[in-house]
Amino acid sequence: MVKVKIKTGDKVRVLAGEHKGSEGVITRIFKDKNKAIVEGVNMVSKHEKPSATNPQGGIKEIEAPMQISNLSLIDNNGKTTRVGYRMEGDKKVRFAKTTNDLI
């Protein structure tokens, strides 16, 4: 399993694929599958059967997971950056490699 350096709540940009250049916030991460769900990106149509809660049924738009390798973190300046780790005192903190700022 690969170490995941992005977390839920991080703002990311899509680097490759059909949605290249799109930006959004990570809502969920699947570490075992190495995938993440980004808010408003990679929308797919899902057909929903009628049920007690939704008697009409219909087509629903939801976000599908995408590979974490296709995502890059956005720093405070709005540019993509890689993530590094360093110790500050007794705490391990994440920092942006382009600007050296804490994330």
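About the cut-offs
The written sequence of each chain sets the order in which its residues are numbered from 1. Where local features are concerned, this predicted model is filtered to residues with pLDDT of at least 70; where side-chain atom pairs are given and counted, the filter is 80 or more; whole-chain, interface and lining totals use all residues. Hydrogen atoms and water are omitted, and side-chain values are computed over all heavy atoms in the structure. UniProt positions are given in the numbering used here, feature names are shortened, and annotations may be inferred rather than shown by experiment. We define a salt bridge as a side-chain nitrogen of Lys or Arg found within 4 Å of a carboxyl oxygen belonging to Asp or Glu. Under the scheme used here, helices are H or I runs from DSSP no shorter than 4 residues and strands are E runs no shorter than 2 residues, and both carry numbers assigned from the N terminus. Throughout, exposure labels follow a simple rule: accessible area from a 1.4 Å probe, protein chains only, divided by the maximum for the residue type, with under 20% read as buried, over 50% as exposed, and the rest as partly exposed. Remark: nonpolar core denotes a set of buried residues (Ala, Val, Leu, Ile, Met, Phe, Trp, Tyr, Cys) joined through side-chain atoms within 4.5 Å. Working rule for contacts: check all heavy atoms of both residues, and any pair within 4.5 Å makes them a contact. Two rings from Phe, Tyr or Trp (for Trp, the six-membered ring) form a pair when their centres are within 6.5 Å of each other. A pair whose planes differ by under 30 degrees is stacked, one over 60 is edge-to-face, and the rest are tilted. Should the NZ of a Lys or the CZ of an Arg lie within 6 Å of a ring centre and within 35 degrees of the ring normal, that charge is described as sitting over the ring.

The chain has the name Large ribosomal subunit protein uL24 in an unreviewed UniProt entry, where Nonlabens ulvanivorans is given as its organism. In its Sequence similarities (unreviewed entry) section, UniProt records this for the chain: "Belongs to the universal ribosomal protein uL24 family." Of the chain, the UniProt comment under Subunit (unreviewed entry) reads exactly: "Part of the 50S ribosomal subunit."

Glancing now at the pattern of salt bridges. Throughout the structure, instances matching the rule amount to 5 salt bridges. For Glu48, the salt bridge is made with Lys60, and the minimal N-O distance between the two is 3.5 Å. Of this pair, Glu48 sits in strand E4 (residues 43-48) while Lys60 is found in strand E5 (residues 58-63), placing the two residues 12 residues apart along the sequence. Exposure remark for Lys60: the relative accessible area of 43% places this residue in the partly exposed category. We note a salt bridge from Glu88 to Arg86, for which the minimum N-O separation is 3.2 Å. Judged by its relative accessible area of 37%, Glu88 falls in the partly exposed class. Ionic contacts of the salt-bridge type, sharing partners, join the residues Lys11, Arg13 and Glu23 into one network.

Here the focus is the nonpolar core. Core analysis: the largest hydrophobic core is formed by 13 residues, its most contacted members being Ile6, Val12, Ile26, Val38, Met66 and Leu71. Where this core is concerned, the elements lending two or more residues are strand E1 (11-14), strand E3 (35-38) and strand E7 (71-74). Not counting the four nearest positions on each side in its chain, Ile6 is found in contact with Ile26, Ile29, Ile68, Leu71, Leu73 and Arg94.

With that out of the way, let us pick up the packing of aromatic side chains. Scanning the model with the defined rule gives 0 aromatic pairs in all. The aromatic ring of Phe95 is capped on one face by Arg86, whose charged end is 4.5 Å from the ring centroid.

A word on the environment of Lys97. Assignment of secondary structure puts Lys97 in the segment after strand E10 (91-96). The exposure class of Lys97 is partly exposed, given its relative accessible area of 42%. With 22 residues separating them along the chain, Lys97 and Asp75 place their C-alpha atoms 9.3 Å apart. Ignoring anything within four residues of it in the chain, the contact list for Lys97 reads Thr81, Arg82, Val83 and Gly84.

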